[in-house]
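Now for the letters of each chain:
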Amino acid sequence: MRASFLPLARPSVGREEEREVIDTLRSGWLSTGPKVARFESDLAAATQAAHVVALNSCTAALHLALLASGIGPGDEVVVPAITFPATANAILHCGATPRVVDVEAGTLNLDPAALSAAISSRCRAVIPVHMAGQPAEMDAIISIAAERGVLVIDDAAHAAGATIGGRPIGGDARTAATCFSFHAAKNVTTGEGGALLTAHRDLADRVRLLGNHGLDQDSWARRDGVGDWVPVASGFKYNLTDIAASIGIHQLRRLDGEIDRRQALAQHYRGRLADSPVVPLDVRGGRRHAWQLFVVVLPVDWERGVTRRRLRDANVGSGVHFPALQGHQVYRERCVFEPLPVADQLSSRLVSLPMFGQMTEGDVDDVVVALAGAV
Ligand SMILES: Cc1ncc(COP(=O)(O)O)c(C=O)c1O
């Protein structure tokens, strides 16, 4: 058994982040200011997005993407069944109704055929999730959405650094907006944080306004002590701090290396699991997977709770990404559900194994050995 506990995730944070945070702390400006502006422009350069608005979570970005797109009561928004509650919550916060559709068995990403069948006359948008960091079938989803007059807002909480055909997630002008998460377990972290990326200036301006209480000026614009704000909308307190952005600036620089390392670990996992009854998700060609998570499907006759407890007893952490939305009473009461045979079948069999850049191949070997004894 391993001598020390191997967690599911651990951020890669170095001296550069420490120095930048100290620089910010000493600068006298801790809230939204020049470091956030630098983080936004670095993120725009990395993704080829025309506009980036940093926010304090991906949930805030999803909420404001929908609100700023005019989505509200009476509207429906399509979401995949396998996602984090935040994706559905953002829709409910707008007074709209999530319409939950099935995922593809191999990738857990939204099934374009299920989307096509689910678009009603009330449908205004679809939120594909790039599950575990693997880009969803965006060409198919975008073309179905365009044909039916529906917006695409992608939940890229797992997908900073992912690409499709060489085009970065977040830089596709065919989508209304892309939402990133910089939560502590993500490939790029600011502790907590998020961003909305868009090709559309009006949307970006509206999101910036709504994320700062609806005030026409932020504190940085008023730093000379003379300016006055006017509330022009009833907004939210969703801004990112300069302290958080200080971490993010250097996390972005580490991202390519972090993903390359995760890719090598994923390859090692896949090789070691080749003869195991535990099956990793498929990897699709023509895209760069960000490897935010390493998800496996357990055999039907394994009990997930038992497996996870045995992993923990062997000093290996694990997670579940995600129990399907239809499994939760709160969503059963408030969402509309399409047929969900894949999500129904897989939801109780998903387990995420440790995945972070500082892991070694030896750590992966420990996980695979622990998993073999975790039946
Ligand atoms: C798929 C998905 N969407 C949205 C979120 C919400 O991100 P945040 O915690 O930054 O609000 C998460 C968080 O893990 C997620 O996994």
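So, how was this worked out
- Residue positions are counted from 1 within each chain, in the order its sequence is given.
- Restriction of local features to residues with pLDDT of at least 70 applies here, the model being predicted, together with a cutoff of 80 or more for giving and counting side-chain atom pairs; totals for whole chains, interfaces and linings are based on all residues.
- Excluded from the side-chain calculation are hydrogens and water; included are all heavy atoms of the structure.
- Pairing between two strands requires that DSSP report at least two bridges joining them.
- Only DSSP runs of H or I with at least four residues qualify as helices, and only runs of E with at least two residues qualify as strands; both kinds are numbered from the N terminus onward.
- Whether two residues touch is decided by their heavy atoms; if any such pair falls within 4.5 Å, the residues are in contact.
- Working convention: axes come from line fits to C-alpha atoms, limited for helices to the stretch in contact. Angles between N-to-C directions cover 0 to 180 degrees.
- The start and end points of each domain follow an automatic or database-based domain assignment.
- The quantity reported as buried area is the accessible area (1.4 Å probe) lost by two parts once they are put together, taken as the sum for both.
- We count a salt bridge whenever a side-chain nitrogen from Lys or Arg sits within 4 Å of a carboxyl oxygen from Asp or Glu.
- Two N or O atoms form a polar contact when they lie within 3.5 Å of each other; inside protein one atom must be a possible hydrogen donor and the other a possible acceptor, and for residues adjacent in sequence the pair counts only when both atoms belong to side chains.
- Whether two aromatic rings pair depends on their centres lying within 6.5 Å, for rings of Phe, Tyr and Trp, where Trp uses its six-membered ring; planes under 30 degrees apart make the pair stacked, over 60 edge-to-face, and the rest tilted.
- Note on classification: 1.4 Å probe, protein chains only; a residue is buried when its accessible area is under 20% of the maximum for its type, exposed when over 50%, partly exposed between these limits.
- Working rule: Lys NZ or Arg CZ, within 6 Å of ring centre, within 35 degrees of ring normal, means a charge sits over the ring.
- Nearness is defined per residue: one heavy atom within 4 Å of the molecule or strand is enough.
- Reported accessibility uses the Shrake-Rupley method at a 1.4 Å probe radius. Residues are deemed covered only where the shown protein chains occlude them.
- Each residue gets one of three labels, nonpolar for Ala, Val, Leu, Ile, Met, Phe, Trp, Tyr, Cys and Pro, charged for Asp, Glu, Lys and Arg, and polar for the others, Gly among them.
- Throughout, the arc means the angular range of directions from the helix axis out to the C-beta atoms.

*Asks:* Is there a simple way to think about the sheet that holds strand β9 (residues 194–198) in this case?
*Replies:* Either a parallel or an antiparallel arrangement is found when strands of a sheet pair, and the pairing is made through backbone hydrogen bonds. Pairing in this open sheet of eight strands is mixed, and the strands run β1-β9-β8-β5-β4-β2-β3-β13 from one edge to the other. Each end of this open sheet is capped by a strand with a single partner; those strands are β1 (51–55) and β13 (336–337). Pairing geometry for strand β5 (residues 151–156) and strand β8 (residues 177–181), over four bridges, is parallel. Bridging across to β8, Ile 153 finds its partner in Ala 177. Where helix α3 (residues 58–68) meets the sheet, it contacts β1, β2 (76–80), β5, β8 and β9, and its direction lies at approximately 165° from that of β8.

*Asks:* Help me out: how do you make sense of the domain arrangement of the protein chain in this one?
*Replies:* The extent of an interface is frequently quoted as the accessible surface area lost upon association of the parts. In terms of domain boundaries, the protein chain breaks down into domain 1 (15–251) and domain 2 (254–372). Once you take the C-alpha centre of each, domain 1 and domain 2 turn out to be 24 Å apart. Tallying the contact residues gives 49 residues for domain 1 and 38 residues for domain 2. Around 3600 Å² of area is buried between domain 1 and domain 2 when both sides are counted, 57% of it from carbon and sulfur atoms. The largest contributions to the domain 1 side of the interface with domain 2 come from Val 100, Gln 134 and Asn 187, which together make up 17% of the buried area. Where domain 1 touches domain 2, the interface holds six salt bridges. Arg 284 serves as the salt-bridge partner of Glu 104, at 3.3 Å between the closest nitrogen and oxygen. There are 29 residue pairs in polar contact (both at pLDDT 80 or more) connecting domain 1 and domain 2. The biggest single contributor to the side of domain 1 that touches domain 2 is strand β3 (residues 97–101), with five residues.

*Asks:* Which parts of the structure should I look at to understand the packing of aromatic side chains?
*Replies:* For any two aromatic rings, the description comes down to two numbers: the centre-to-centre distance and the angle of the planes. Counting across every chain of the model gives seven aromatic pairs. Measuring from centroid to centroid gives 4.3 Å for Tyr 269 and Phe 294, while their planes differ by 10°, and the two rings are stacked. Here the residue Tyr 269 occupies a position in helix α8 (residues 242–272), and Phe 294 occupies one in strand β12 (residues 294–297), the gap between them amounting to 25 residues. Side by side, Tyr 269 and Phe 294 carry an identical accessibility label, which is buried. Above the plane of the ring of Trp 220 lies Arg 223, whose end atom (NZ or CZ) is 3.9 Å from the centre.

*Asks:* Any chance you could explain the environment of Ala 199 here in plain terms?
*Replies:* As for its position among the elements, Ala 199 is in the loop between β9 and α7 (201–211). Here the alpha-carbon distance between Ala 199 and Ala 49, two residues 150 residues apart in the chain, equals 6.2 Å.

*Asks:* Sorry, what's going on with unusual backbone geometry here?
*Replies:* Peptide bonds are, in most cases, trans, and in most cases residues other than glycine have a negative phi. Note that the residue after His 321, namely Phe 322, is joined by a cis bond; omega there is 0°. Backbone geometry at His 213 places phi at a positive 65°, although glycine is not the residue there. Even without glycine at this site, Asn 315 takes up a positive phi of about 70°. Counting through the fold element by element, Asn 315 comes out in the loop between α9 (304–313) and α10 (329–332).

*Asks:* Looking at this structure, I do not really get the site of the ligand. What am I missing?
*Replies:* The environment of the ligand is formed by 15 residues, the closest being Thr 59, Asp 155, His 158, Ser 181 and Lys 186. Starting from 390 Å² of accessible surface for the ligand in isolation, the protein chains cover 91%. At the level of elements, α3 and α4 (85–93) are the ones that each hand at least two residues to the shell around the ligand. Split by residue class, the shell around the ligand holds six nonpolar, seven polar and two charged.

*Asks:* Any chance you could explain helix α6 (residues 138–147) here in plain terms?
*Replies:* An α-helical turn contains 3.6 residues, so any two residues separated by three or four positions project in the same direction. Burial in α6 covers these residues: Met 138, Ile 141, Ile 142, Ile 144 and Ala 145. Taken end-on, α6 shows its buried residues confined to a sector of 165°, consistent with a single buried face. Structural note: α6 exposes Asp 139, Ala 146 and Glu 147 on the side pointing more than 90 degrees away from its buried face. On the buried face of α6, the contacting elements are α5 (112–118), β4 (123–126), β5 and β6 (163–164). Directly beyond the C-terminal end of α6, a positive phi value near 70° is found at Gly 149.

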